[in-house]
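Summary of the model geometry
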Amino acid sequence: MSDVLLLALLVAAIAIGWMLGRWESGRFRDRPQPPRGSLPRDYFVGLNYLLNEQPDRAIETFTQALEVNSDTIETHIALGNLYRSRGEADRAVRIHQNLLARPTLTPAQSGQVQLELSRDFLNLGLLDRAERLLLSLQKSHADDSQKLAAKRLLVDLFEREKEWAQALETALPQLVRQDADIRRAAAHWHCELASQHRSNSSPSLARKALKQALNIDARCVRANWMLGQLEWDIGQYRDAARLWQRVPEQDCSFTTIVLQPLRDAYRLLDDDTGWWQFLEKQLQHNPQTTVVMMAADTLRQRQGTDIACAFVSEQLREHPSLRGVDYLMDLYLDDSDPAERDRLELLKQHTHQLLSIRPRHRCQRCGFGAEQLHWQCPRCRSWGTTKPVTGLEGE
């Protein structure tokens, strides 16, 4: 059992014991009073379970011992939340539903219980029940802070259901204006809608959604990336290249996602000069490994393998990279004799193995790593936080 959880349970136990002491002394005034500060037997039973690292039995004892009244509402809510945090949301539901059925709850208490019960349902995946509760809370006489919390939960719920339009309707304009994470997410919801419109052969609607994404978040790389795809679809390669070149200006970490399509666009335009100028600019300001490899390929076609090898070696001295070394060995293999080729291929097997076990992309918030780029992190569900890995083992 973790020290943090044990401490939380111990604090909860002390608080419950204090409340039980007050309750006992107030309820049985007509009976002989116990010594001041004495506590009910169930409290010590629960505390004994807790100290013996039996948290399940401890919480169960505290829950059974604590009668629901105006003084213990907050404690019951806390116990339900503790169950949910331990992965026992079904128990949390029972506690919070029992509270919600009490006619003596104040409007503020009722709103708080509804919020917690909604979180329980979200945790269990019962999205329809959570939605009904949250919509009801929005229409009730709950205070503004509870309505704002309900709105945030509704946004999370609509996002889970991939109801992007409803998520946007709920979040705009208040949450988007107040919360940077929701603002970034809202731009991606517009991108999701644009993707649907593109699949339905509605480029004008897709283009409109992507421009709305950029209005919400001017740094939304995905919006310019997708706008470039729309221009590519209709053969406007110059416009596609122009849009994709904005991506490194928004966030240089994402330069790698536009290199291949940019190269293809410049080839179709028969514009080798434009392609090389773009690469030179990136080498000067953002010499990522993939940029170096693309530049080396261009040099090899123009001036031969030796020039390309010399260029890559110089770049690796300034910016070491395992992928760069692996690529340099590919260049050497092109002109190597059979004996040297065997040695190089053996080394390349090692570098390839090292690269294969390392993710190409990583979430900047939770550290989740993956080979492909996820616009929304699969682990923490944050939008736009997954980027290509940089440094010795990345770009």
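Residues numbered from 1 in each chain as written. Predicted model: local features only at pLDDT ≥ 70, side-chain atom pairs only at ≥ 80, totals over all residues. Heavy atoms only, no water.

1. What about the overall build of the protein chain?
Summing up its helical and strand segments, the protein chain has 21 helices and three strands in all. Pairs at least 24 apart in sequence give 50% of the contacts found in the protein chain among residues at least 6 apart. Surface summary for the protein chain: the accessible area is close to 21200 Å², and the carbon and sulfur share equals 49%. (Helix = DSSP H or I, 4+ residues; strand = E, 2+ residues; numbered from the N terminus. Contact = heavy atoms within 4.5 Å. Areas by Shrake-Rupley, 256 points an atom, 1.4 Å probe, with all protein chains shown as cover.)

2. Side note on helix 19 (residues 305-318)
Over its 14 residues, helix 19 runs 20 Å from end to end, which matches the ideal 20 Å to within 8%, given 1.5 Å per residue. Inspection of helix 19 places Thr305, Ala308, Cys309, Phe311, Val312, Ser313, Gln315 and Leu316 among the buried residues, and these make up the whole buried set. Elements that come into contact with the buried residues of helix 19 comprise helix 17 (272-285), helix 18 (289-303) and helix 20 (322-334). (Expected span 1.5 Å × (residues − 1). Buried < 20%, exposed > 50% of the residue type's maximum accessible area, 1.4 Å probe, protein only.)

3. A look at empty space enclosed by the protein
The tally for this structure, following the rule as stated, stands at two cavities of 30 Å³ or more. For the largest cavity, the calculated volume is near 90 Å³. Considering the residues around the largest cavity, the lining is formed by 13 residues, among which Thr289, Val292, Leu316, His319 and Ser321 are closest to the centre. Elements supplying a minimum of two residues to the lining of the largest cavity: helix 18, helix 19 and helix 20. Here the lining of the largest cavity is composed, by residue class, of six nonpolar, six polar and one charged. (1 Å grid on protein atoms, 1.4 Å probe; cavity = no way out; pocket = protein on both sides within 12 Å on 5 of 7 lines; lining within 4 Å. Points joined across faces, edges and corners; volume = space filled by probe spheres on them. Nonpolar A, V, L, I, M, F, W, Y, C, P; charged D, E, K, R; others polar.)

4. Points about the packing of helix 8 (residues 144-160) against helix 9 (residues 164-171)
Contact geometry for helix 8 and helix 9: axes closest at 8 Å, N-to-C directions at 165°. What the angle tells us is that helix 8 and helix 9 run roughly antiparallel. Both helix 8 and helix 9 take part in a crossing whose hand is left-handed. Packed against helix 8, whose contacting residues are Lys151, Leu154, Val155, Phe158 and Glu159, the element helix 9 presents Trp164, Gln166, Ala167, Thr170 and Ala171 at the interface. Counted by class, the contact of helix 8 with helix 9 contains six nonpolar, two polar and two charged residues. (Axes fitted to C-alpha atoms, helices over the stretch in contact; angles between N-to-C directions. Parallel < 35°, antiparallel > 145°, perpendicular 65-115°, else oblique. Left-handed = near helix turned anticlockwise from the far one by under 90°.)

5. Here's the deal with the pattern of salt bridges
Summed over all chains, the structure comprises 21 salt bridges. Arginine 86 is paired through a salt bridge with glutamate 88; the nearest N and O atoms lie 3.3 Å apart. Across the salt bridge formed by arginine 184 and aspartate 181, the nearest N and O atoms sit 2.8 Å from each other. Placement of both arginine 184 and aspartate 181 in helix 11 (residues 180-199) is noted, with a separation of three residues, approximately one turn of the helix. Aspartate 181 gets classed as partly exposed once you look at its relative accessible area, which sits at 33%. Because the salt bridges share partners, they merge into one network encompassing Arg84, Glu116, Arg119 and Asp120. (Salt bridge = Lys/Arg side-chain N within 4 Å of Asp/Glu carboxyl O.)

6. Notes on the nonpolar core
Core analysis: the biggest nonpolar cluster contains 79 residues, and Trp189, Leu210, Leu262, Trp275, Leu279, Phe311 and Val312 have the highest contact counts within it. With eight residues, helix 11 is the single largest residue contributor to this core. Excluding residues within four positions of it along the chain, tryptophan 275 makes contact with Leu259, Leu262, Arg263, Tyr266, Met294 and Thr298. Among the nonpolar cores identified, the runner-up in size contains five residues, and Ile77, Leu99, Leu105 and Val113 belong to it. (Core = buried A, V, L, I, M, F, W, Y, C linked by side-chain atoms within 4.5 Å.)

7. Quick look at the sheet that holds strand 2 (residues 369-370)
An order of 2-1-3 is seen for the three strands of this open sheet, with the pairing classed as antiparallel. Two strands close off the open sheet at either side, each with one partner strand: strand 2 and strand 3 (386-388). Bridge analysis of strand 1 (residues 361-363) against strand 3 gives three bridges, and the strand direction is antiparallel. If you follow cysteine 363 over to strand 3, its bridge partner there is threonine 386. (Pairing = 2+ DSSP bridges.)

8. As for the packing of aromatic side chains
How two aromatic rings sit relative to each other is set out by the distance from centre to centre and by the angle between their planes. The tally for this structure, following the rule as stated, stands at seven aromatic pairs. On the basis of an interplanar angle of 20° and a centroid distance of 6.1 Å, the ring pair of tryptophan 275 and phenylalanine 278 is categorised as stacked. Of this pair, tryptophan 275 and phenylalanine 278 both sit in helix 17, three residues apart, which is roughly one turn of that helix. Here tryptophan 275 matches phenylalanine 278 in class, with each residue buried. Here the aromatic cluster, defined as three or more aromatic residues joined through ring pairs, consists of Trp225, Trp232, Tyr237 and Trp244. (Phe/Tyr/Trp six-rings, centres within 6.5 Å; stacked < 30°, edge-to-face > 60°.)

9. Re the UniProt feature "binding site: Fe cation" (unreviewed entry) in the protein chain
With numbering matched to this structure, UniProt assigns "binding site: Fe cation" (unreviewed entry) to Cys363, Cys366, Cys377 and Cys380. The greatest C-alpha distance among the residues just named is 8.7 Å, despite their covering 18 residues of sequence, which places them together in space. Lining the largest pocket, out of the annotated residues just given, are Cys380. Along the chain, cysteine 377 falls in the loop between strand 2 and strand 3. With a relative accessible area of 1%, cysteine 377 lands in the buried category. Among all residues touching cysteine 377, those that are not within four sequence positions of it are Cys363, Cys366, Phe368, Ser382, Thr385 and Thr386. By the element assignment, cysteine 380 lies in the loop between strand 2 and strand 3. Among all residues touching cysteine 380, those that are not within four sequence positions of it are Cys363, Arg365 and Cys366. (UniProt positions renumbered as here; feature names shortened; annotations may be inferred.)

10. Quick look at the environment of leucine 347
Within the secondary structure layout, leucine 347 lies in helix 21 (residues 338-356). Classification of leucine 347 by relative accessible area gives partly exposed; the value is 47%. Spatially, the C-alpha atom of leucine 347 lies 8.7 Å from that of aspartate 326, the residues being 21 residues apart in sequence.

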